[in-house]
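As a plain string of letters, each chain reads:
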Amino acid sequence: MIKSLVLFSIAVLYTSCHSETNNAYEGYSEVEIETEKCLDAWLERNDVDWKELSFIFEDYFASANMTDTADPKAKQYADILHGFHSPSGPYLPFKSKKEVLAIMDKLHLSDKDVIQKNQLDCFTNTFIDHEDELDTASTYYAFGATLEMMEMIPDISPAIIAGALDAEIDKADLSKTLYQKTIVLMYCFEMAIFLPAEAGNK
């Protein structure tokens, strides 16, 4: 009887955990799951809290009235891409510069690493490994091809990058945290490097 209860409990826990894992990747392709797991493992290995970094990034654009926090995440990230592609004015100071630079240190990223897009290696390398089997019309392919181009031409304008993505992706896919994380990693560290923390200061 006790043995049966133990086995039943294990089965329930397994089913629950398995279900939660599946829900986290609902609507994901296998390559999207592989890529996000790689990103998450890299952040976890270096004790970086993704929620902290994403909040800093999202708050910057919300504070500048470029996004509305009441909107779904997909809409917010679409607005962020549009803002990089067609900025309505100069970028505001990045008040969280120090916090983001500290996160870069935890990830062992130098300014040169960031400019060379090493923080995007999980996505870029997974894309290259699977490129021949991917749907070229997919959002994953659009991001992967853009990242591969960025690796070859690291000093390409953020506006060109955002414009290419804005034109090619299915905006609904921006509800997936994989693409949110990728956009944050594409832009947030460079913002910390190049934007001042306060008006008139570097």
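See the structure above.
Since we're looking at a predicted model, the values are computed, not measured.

Thresholds, definitions, all that
- Residues numbered from 1 in each chain as written.
- Predicted model: local features only at pLDDT ≥ 70, side-chain atom pairs only at ≥ 80, totals over all residues.
- Heavy atoms only, no water.
- Helix = DSSP H or I, 4+ residues; strand = E, 2+ residues; numbered from the N terminus.
- Buried < 20%, exposed > 50% of the residue type's maximum accessible area, 1.4 Å probe, protein only.
- Contact = heavy atoms within 4.5 Å.
- Areas by Shrake-Rupley, 256 points an atom, 1.4 Å probe, with all protein chains shown as cover.
- Core = buried A, V, L, I, M, F, W, Y, C linked by side-chain atoms within 4.5 Å.
- Expected span 1.5 Å × (residues − 1).
- Salt bridge = Lys/Arg side-chain N within 4 Å of Asp/Glu carboxyl O.

Asker: Just checking my understanding: could you explain the overall build of the protein chain for this structure?
Answerer: When its secondary structure is counted, the protein chain shows ten helices and zero strands. Along the protein chain, from the amino end to the carboxyl end, the secondary structure elements read α-α-α-α-α-α-α-α-α-α. Residues counted as buried form 42% of the 202 residues belonging to the protein chain. Residue pairs in contact within the protein chain that sit at least 24 positions apart in sequence constitute 74% of those at least 6 positions apart. Carbon and sulfur atoms make up 56% of the accessible area of the protein chain, which totals about 11300 Å².

Asker: Which parts of the structure should I look at to understand the nonpolar core?
Answerer: Most often, soluble globular proteins have nonpolar side chains that are buried together. Ranked by size, the top nonpolar core spans 57 residues in total, and within it Phe57, Leu174, Tyr187 and Phe189 carry the most contacts. Every element with two or more residues in this core is listed here: helix 2 (30–45), helix 3 (50–63), helix 4 (73–85), helix 5 (97–106), helix 7 (121–130), helix 8 (139–152), helix 9 (158–168) and helix 10 (177–194). It is helix 10 that provides the largest number of residues to this core, a total of twelve residues. Setting aside anything within four residues of it in sequence, one finds tyrosine 187 in contact with Phe57, Leu81, Phe84, Pro158, Ile161 and Ala162.

Asker: What is the right way to read helix 4 from this model?
Answerer: Residues spaced three or four apart along an α-helix point in a common direction, a consequence of the helix completing one turn every 3.6 residues. If you check helix 4, its first and last C-alpha atoms are 18 Å apart, about what 13 residues at 1.5 Å a residue would give, namely 18 Å. On the buried face of helix 4, the contacting elements are helix 3, helix 9 and helix 10.

Asker: What is the right way to look at the pattern of salt bridges in this model?
Answerer: Any two side chains of opposite charge can pair, given that their charged atoms come close. Within this structure, the stated rule accounts for nine salt bridges. For glutamate 190, the salt bridge is made with lysine 117, and the minimal N-O distance between the two is 2.4 Å. Here lysine 117 lies in the loop between helix 6 (111–115) and helix 7 and glutamate 190 lies in helix 10, a separation of 73 residues in the sequence. Like lysine 117, glutamate 190 is buried. Connected through shared salt-bridge partners, Glu32, Asp173 and Lys176 make up one network.

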